[in-house]
Amino acid sequence: MQIPVGLLGKITYRFVFFAIEHDTRKVHLLGITEHPTGEWILNALRSATADGMPLAERTYFIHDNDGKYPRKRLQQFFTDRGMQSVPTVPYTPDMNAYAERFVRSFHDECADHIIFMNDAMLEHAVTTYFQHYNTERPYQGIGN
């Protein structure tokens, strides 16, 4: 998801890369950057799927069909780890409905109410909201 940072003529956008577990709906922050590249995305995924990390035991990775994802390298990355990459079809948000709903919740409950002046402010708000979403916010994934 993209979040604006700055004020007036100095607004730039940050890319917040996250993963959501479909069975528990637990959200994991994989990174925040201004310029997402294929290598940056692969490094974030390497960190999140390393042994002992929360996403290490997952078998599928559903992701947008975006140009940010290096398709061949991403397929090879997941094949090497015994996982399967599942890109969504363009203009079908229902293919990844939990992630789409999470992005809407984040904007409605957090980002639309704050003007982020710098990266530290954005990172604090994102990590705080993710913690709130995973532990306190009532939804079906944690038994309402």
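Just above, that's the structure.
Let me sum up the structure you'll find in this document. (Residues numbered from 1 in each chain as written. Predicted model: local features only at pLDDT ≥ 70, side-chain atom pairs only at ≥ 80, totals over all residues. Heavy atoms only, no water.)

Here the focus is the overall build of the protein. Assigned secondary structure in the protein consists of four helices and five strands. Sequence-ordered secondary structure for the protein, helices as α and strands as β, is β-β-β-α-β-α-β-α-α. Relative to its length of 144 residues, the protein is compact, with a C-alpha radius of gyration of 15 Å against a globular reference of 15 Å. Taken along its principal axes, the extent of the C-alpha atoms in the protein is 45 × 40 × 35 Å. Taking all 144 residues of the protein together, the buried fraction comes to 37%. Restricting the contact set of the protein to residue pairs at least 6 apart, pairs at least 24 apart contribute 55%. When the accessible surface of the protein is split by element, carbon and sulfur atoms take 52% of a total near 8,800 Å². (Helix = DSSP H or I, 4+ residues; strand = E, 2+ residues; numbered from the N terminus. Rg over C-alpha atoms; globule rule 2.2 N^0.38 Å. Buried < 20%, exposed > 50% of the residue type's maximum accessible area, 1.4 Å probe, protein only. Contact = heavy atoms within 4.5 Å. Areas by Shrake-Rupley, 256 points an atom, 1.4 Å probe, with all protein chains shown as cover.)

This part covers the sheet that holds strand β1 (residues 2–5). Here we have three strands laid out as an open sheet, ordered β1-β2-β3, and antiparallel in their pairing. The open sheet is flanked by β1 and β3 (27–33), the only strands paired with a single partner. Taken over all neighbouring pairs, the strand axes of this sheet differ in orientation by 30 degrees on average, direction set aside. One ladder, built from six bridges, connects strand β2 (residues 12–20) with β3; its direction is antiparallel. Bridging from a neighbouring strand, Phe17 pairs with Gly31 of β3. Across the sheet, helix α3 (residues 97–109) lies against β1, β2 and β3, angled at about 135 degrees from β2, the strand it touches most. Sheet strands in contact with helix α4 (residues 119–135) are β1, β2 and β3, and its direction is about 170 degrees off that of β3. (Pairing = 2+ DSSP bridges. Axes fitted to C-alpha atoms, helices over the stretch in contact; angles between N-to-C directions.)

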